[in-house]
Every structure is written in C-alpha cells, then in structure tokens.
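Tertiary structure, described
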Amino acid sequence: MDNTPKQQVLNDEINLWWDELDLAQKYKEKYGGSKSWDTYKNYYRGQFSGYSDIGRGKYGSILPYNITYAMARTLIPNLYFRNPYVNVTPRQKFGNSINLDITAKIVESMDNWLLQMMGTKQEMKSGLLGGFFTNKAIWKIGYDSQFGFRTKDTEPMLSNTATATQWNKKGERLEYNVNVKPGMPWVLSIPAEDFFVPFGVKKMDDAWWCAHRVIRQLKDVKGDPKYKNTTGLEGTHLERIYNELQKADFYKDLAKICDWVEIYEIRNRKTKEVLAIVPGFNQYIRPPEDDVLQFDSLPFVDISFNEDPDYFWGPSDVKIMEPQQLEMNEAITQAMNHRRVALVKMLIDRNMIDASELDKMMSENVMPAIRVKGNPATVASMLQPHIPPELNIWVDKIRENVRELIGFSRQDMGELPSGRRTASEVRVSQAGKNMRIDERRDTVADALVDIVRKVNMVVFDRWDSERVIQVVGYDAAKYWVRFNKSEIMGDYLYKVDVESMAPTNKEVKRKEIIELIGVLAKYPRANLDYMIKMLMREFEYVDMMQLFPNAPESNASQPMTTQQFTQQQQGLLNNPVQLGARVKDNQMAIGGMMG
C-alpha cells in the first residue's frame, strides 16, 4: 500500500469528494425522497405490495387500480415534442461583418438537423417520464464521446474535430449509444438517481459542482484511453450503489455476468475542471483537467414540474398522488371482496331434500323433476348479498381528485363527460386545464431552448472544419451552403413552437396558416418561408425539405459559401420585385407537389 506523502495528499483530495457526495446523497434522500423513487416506478410497472400477477388469477390480498400508469401515459404525450423545431433569430453581432439575419437561417437549419440526428425527441420523452417519478428531468450535453471529450485526443485525419476514443486499440467498441457520434454534439437524458448536486443548492445555476454516476463494464474502462491509473482496478466496484437497498439486488445480479465499475464524473465550476473517481479505489481514473464543455454553465439542463420553494429536489407527481393511488387500491379491493361475497348462494333444509335430488337442482339439465319432502316453497332460500354502490362512487371521486391534482379532465383521460354541458362550460373547463398543461409545456420548451443554446456553444467552439447543410432562403427555395464556426458564430435568440406539442385540431391550424400566408403574400419583404415551414410541419408525414424547390444558384455538388449565400439573399431583399416573383414561383411549385 502506497503511504507516501504524495499519495496521502491524493487520498485526502479524493476523500473530500466522497464526503461531498455523501452529503449530496443525503440531500437527495431527505429532501427529495429518493428512497421512494423505485417504489413509484414499481407502481407504474403494476408492482404493488400485496399483489402478484404470478399464477394467473391468484392476485394475493389486493386488486390494484393503476392510476399512476394511466396518468403517466396521459401526461407525457401532452408534453414532449412530436416534431421538435427551433426558430432562430439574431440578438447581436460578435464583431464579424456577416449579416446575422441571414446566417441565423444557417444556424436554424443546422440546429433542427442536429435535433433529429441527436435523437432529441426520444431523449426528451425519456427524461420527462423519469421526472414524473422523481420531479427532476435532467439532460446532459456532450461532444464526440459519451464518457468524456479531451482536445488532445482529436485526430488530424478527422480535421482535429473528432476523436477515436470510442474504440480500443483492437478496433473494438467501448461505447454503444448510437446517438453519440465522433465529432458531433449529443444530448442524453440521465436518471435523477445518478445525478448529484451540493447539499443546500436550490437551482442548477447555483451549483459550484455536480456529479454524474455512470456504470460501465470493467474491460471497457480499462480499454478507454481517456482513463488513467486503471491497471490496479480489478473486480467489481459498485460499493456505493449496493448501499441503495432497492437497487442492490439488481446490480448484484448484474455483477454475476461480468465485472462492473461505478464511476463518479465530477464537474467543478470553481476550477472549470472535470475529474472521475471510483469507490474503493484510491486513484483518480480521470485526474482533474480542463473541462472543455463548461462554457457559461455546467453542461446539464434540468426541469421540475413541482418546484420546491426551498430545495433542489421537490415532490414528484407520483409522490403527490400516492395517497390517492393507495386509497384507490383499497377501494377496488373492497369492491372485489364484496363481489366475491355477493355470489349467488342458497340455504337448503337438509331434512326436506335428499342429496341426489339436490344434485338435480344444481345440474345444467333443463326442467329436471326434483322430489322434496314437504312444501317446495320452504325447501330452499336464496341469499341476495348487497354490493354498496358507494364503493364505485368513491372510486370515481378518487379518480377525480387525481385528475384535479395533475390538471386533467375526463375527456383528457379518454372518458366521456357525464351529463350535459353547455359550450361555455366546456370552454371554461378546458381553459383551466390548458393553463396548467401549458405551463408544463412552456417549461419543456424552455428546456429544449437551453439544450439548443448549449449545443450551439459546443458547435461554435469545436467545429473548425467546414460543413454543408440545406438552408431555406427568403424566396422559399432551398440552397446548399458551406459554413464553418467562425462564419455563423453569434448571439442568437431561440424559440420553440409550444403549440407543436398540443393535440390541437390540425385542420383548423392549417387553415389559419394558409389564410395568413395569403395576407402576407401582398408584402414582398415578408418572410414567407417561415410561414411555409410552419405549414409543412403540420403534415407530420411530410419531409419538409423535400417540398421546397431547389434554388438554381447551388446544388449538393457545388454548395455556395456562406458569403455567397449572404450576398445573394441580401440582393433579393434589396429587390422586392424579384423576391416577390421568386416567392410566387416557388409557392406554385410547392402547391404543385402537395397537389
């Protein structure tokens, strides 16, 4: 064992981080209720205490009603972007002479292409589902490699913008997420269980450090060139996650397959450094080094739907509705027991009927002749047990309470409203629901904007080599344009169409957009390509870029430079007659393709 002064200093440094992580875990458990998160997820899975689906019909002591699952499957589709699209406009210049009004079009095309390439839709969806149980949806922004990018690892053959650290020296993969590609930014949702902030921090923007826990196979860790000091790293190192009782069994089973390592990747805002440590190991596997992904903040985005006034961790939707879930289970179980008791039963005077005659009474034969010893009317008496109707009324009341907590109506849950409702009453009710759901949608939209902003910071910093992309111009034609980071770098405003998340009447929205295009067409300098793109997005089955006609000035084999594109677009803006003619021709071409 190394007891040199240098090693002792290193041990003290690492132990200080473990002390910080212990406090961070305590913060999460005491003020975020993290010990209950797995229980909430089990509700969603249909796993309730006292209930088992094993044995096909032998349910145990309770019959659950999974209102947790119903609410999750209603809420999440109302929040994530089915077709995420970001609009980009300039805020100010950074000293270059390029017209940012026009280069914003390049950035907008790049961003929306990246949203598709990064699998943002699914990552947003996964993050929101996790946030339903934990109250924290968290996304991580990175570049090139899932487990850490270092500038010194870039390859000259890849224009010094990408690395080959996703593979070992034998050419075998060390990373497996298909949305993480060399030389490309990425965004991934991460579970709140694996994220840590300092004890007492209220907001991510206030955190002076944060940590992300990842679990990797030992052989991949030892083969990853980004890690150091892994020679002495042997066996499974899951010491801390084993202390989380609800996860311990799963990870003990996992460790039977091969050796795994629990890595804590820590980002320090004080020093702008990133480092990585492993429990039970007295060396950094990634010594503190400059964090190239820290720009104005940590490379994470988080949202809470039930913000706590005092703590970073707050009550989740499931925690808030848990009493109703458990009461619903009890009410449904009581109704089940009453139903079982209420099965038709008969009292028989055994002195007035023989067993053989009783068998005839219980048989399925039609009109059997049954001999009795006495008055037939007194031989048997039917029991008619009572099922209290209040049980069903109470179940409906609990469902109503849960809908009120989340902000849904009967119609939102796929139920028909009871009784008659006037149009005015429906509008008032829907307006109240929309207010609460729209607040959540707005929160998700802000998160997506923050993700795009941080992704662009990575692009403006890392994309030194030239790229080519299709851009829709002011004339509603598509151009192939070459660009590099210095030509598009700027301060931009990003806006997401929140309505694209809402299940509104598409026919009504299409009609409104078409009417607006007709009005704006009278004004030659109006940016009609924006409205046309909005219209195209209402047809989810349509590849929007395929509808715009190609501009004669460029093609895939001969893209325009950014300067050429800027000058050409500026020329159209300075010539309203020419611009109007081209817009009209291109609108007719689009209409012909849609017809």
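**What to know about the overall build of the protein chain**
The helix and strand tally for the protein chain stands at 17 helices and 15 strands. Among the 595 residues that make up the protein chain, the fraction classed as buried is 47%. A fraction of 72% describes how many contacts in the protein chain between residues 6 or more apart in sequence connect residues 24 or more apart.

**Re the pairing of strand β13 (residues 478-483)**
Bridge count for strand β12 (residues 467-472) against β13 is six bridges, and the pairing is antiparallel. Counterpart to R467 in the pairing with β13 is F483. Connecting the antiparallel pair β12 and β13 is a turn made up of five residues, with A476 showing a positive phi of about 65°. Summarising the sheet, β13 and strand β15 (residues 560-561) pair through two bridges and their orientation is parallel. Residue pairing for β15: V481 is matched across the bridge by M560.

**Details of the pattern of salt bridges**
Taken as a whole and judged by the stated rule, the model has 31 salt bridges. E289 serves as the salt-bridge partner of R286, at 2.6 Å between the closest nitrogen and oxygen. Relative accessible area serves as the criterion here: at 19%, E289 is assigned to the buried category.

**Side note on the side chain of D194**
The residue D194 is located in the loop between β3 (185-190) and β4 (195-196) in this model. Among the residues examined, D194 registers a relative accessible area of 15% and is labelled buried. Once you skip the residues sitting within four places of it in the chain, D194 turns out to touch K28, A211, H212 and R213.

**Some details on the environment of R399**
Its location among the elements puts R399 in helix α10 (residues 389-406). C-alpha of R399 to C-alpha of M328: the two residues are 71 residues apart in sequence and 8.0 Å apart in space.

**A closer look at the sheet that holds β15**
The strand order across the open sheet formed by three strands is β12-β13-β15, and the pairing between neighbours is mixed. Because the sheet does not close on itself, it has two edges, and the strands there are β12 and β15. The strands that helix α4 (residues 100-117) touches are β12 and β13; relative to β12, the one it contacts most, it runs at about 105°.

**As for a nonpolar patch on the surface**
On the surface, V344, M346 and M382 cluster together to form a nonpolar patch covering roughly 290 Å² of accessible area. With respect to the helices and strands, the residue M382 is situated in strand β11 (residues 380-383). Its relative accessible area of 45% is what places M382 among the partly exposed residues.

**Regarding the packing of helix α3 (residues 67-75) against helix α5 (residues 120-134)**
Closest axis-to-axis distance for the α3/α5 pair is 11 Å, and the angle between their directions is 145°. Handedness of the α3/α5 crossing: right-handed. Seen from α3, the contacting residues are T68, M71, A72, R73 and L75; seen from α5, they are K125, L129 and F132. Looking at side-chain class alone, the contact of α3 with α5 contains five nonpolar, one polar and two charged residues.

**Some thoughts on the packing of aromatic side chains**
Inspection of every chain in the model, using the stated rule, returns 19 aromatic pairs. Ring geometry for Y479 versus F565: centroids 5.4 Å apart, planes at 65°, classification edge-to-face. Here Y479 is found in strand β13, whereas its partner F565 is found in helix α16 (residues 562-573), with 86 residues between them in sequence. Comparing Y479 with F565 shows no difference in burial state: the two are buried. Among the aromatic residues, ring-to-ring pairing joins Y27, Y31, F199 and Y311 into one connected group. Sitting over the ring of F147, R216 keeps its end group 3.9 Å from the ring centre. Above the ring of W463, the side-chain terminus of R467 is found at 3.9 Å from the ring centroid.

**Some points on the nonpolar core**
Counting 95 residues, the largest nonpolar core has M110, L128, W139 and F195 as the members making the most contacts within it. Residue contributions to this core peak at twelve residues, all from helix α11 (residues 423-462). Those residues in contact with L128, other than ones at most four positions away along the chain, are I76, L79, Y80, A137, W139, I303, F305 and V444. Counting residues in hydrophobic clusters, the runner-up holds 14 residues, among them W17, W18, W209 and Y264.

**Thoughts on helix α1 (residues 5-32)**
With 28 residues, α1 extends 40 Å between its outermost C-alpha atoms, agreeing within 8% with the 40 Å of an ideal straight helix rising 1.5 Å per residue. Among the residues of α1, Q7, L10, N11, I14, W17, W18, L21, A24, Q25, Y27, K28 and G32 are the ones counted as buried. Its buried side turned inward, α1 meets α2 (37-45), β4, β5 (209-217), β6 (260-268) and β7 (273-277). Two residues or fewer past α1, G33 is found with a positive phi of approximately 60°.

**Some details on the sheet that holds strand β2 (residues 137-143)**
Strand order in this open sheet of three strands is β3-β2-β9, and the pairing throughout is antiparallel. Edge positions in the sheet fall to β3 and β9 (300-303), since each of these pairs with one other strand and no more. When the angles between neighbouring strand axes are averaged without regard to direction, this sheet yields 20°. Two elements, β2 and β3, share six bridges in a ladder whose sense is antiparallel. Note on β3: the bridge partner recorded for I138 is I190. Packing of α5 onto the sheet brings it into contact with β2, β3 and β9, and relative to β2 it is tilted by some 145°.

Calculation rules
- Residues numbered from 1 in each chain as written.
- Predicted model: local features only at pLDDT ≥ 70, side-chain atom pairs only at ≥ 80, totals over all residues.
- Heavy atoms only, no water.
- Helix = DSSP H or I, 4+ residues; strand = E, 2+ residues; numbered from the N terminus.
- Buried < 20%, exposed > 50% of the residue type's maximum accessible area, 1.4 Å probe, protein only.
- Contact = heavy atoms within 4.5 Å.
- Pairing = 2+ DSSP bridges.
- Salt bridge = Lys/Arg side-chain N within 4 Å of Asp/Glu carboxyl O.
- Axes fitted to C-alpha atoms, helices over the stretch in contact; angles between N-to-C directions.
- Patch = residues over 30% accessible without salt bridge, like charges linked within 9 Å, V, L, I, M, F, W, Y side chains within 5 Å.
- Areas by Shrake-Rupley, 256 points an atom, 1.4 Å probe, with all protein chains shown as cover.
- Left-handed = near helix turned anticlockwise from the far one by under 90°.
- Nonpolar A, V, L, I, M, F, W, Y, C, P; charged D, E, K, R; others polar.
- Phe/Tyr/Trp six-rings, centres within 6.5 Å; stacked < 30°, edge-to-face > 60°.
- Lys NZ or Arg CZ within 6 Å of the ring centre and 35° of its normal.
- Core = buried A, V, L, I, M, F, W, Y, C linked by side-chain atoms within 4.5 Å.
- Expected span 1.5 Å × (residues − 1).

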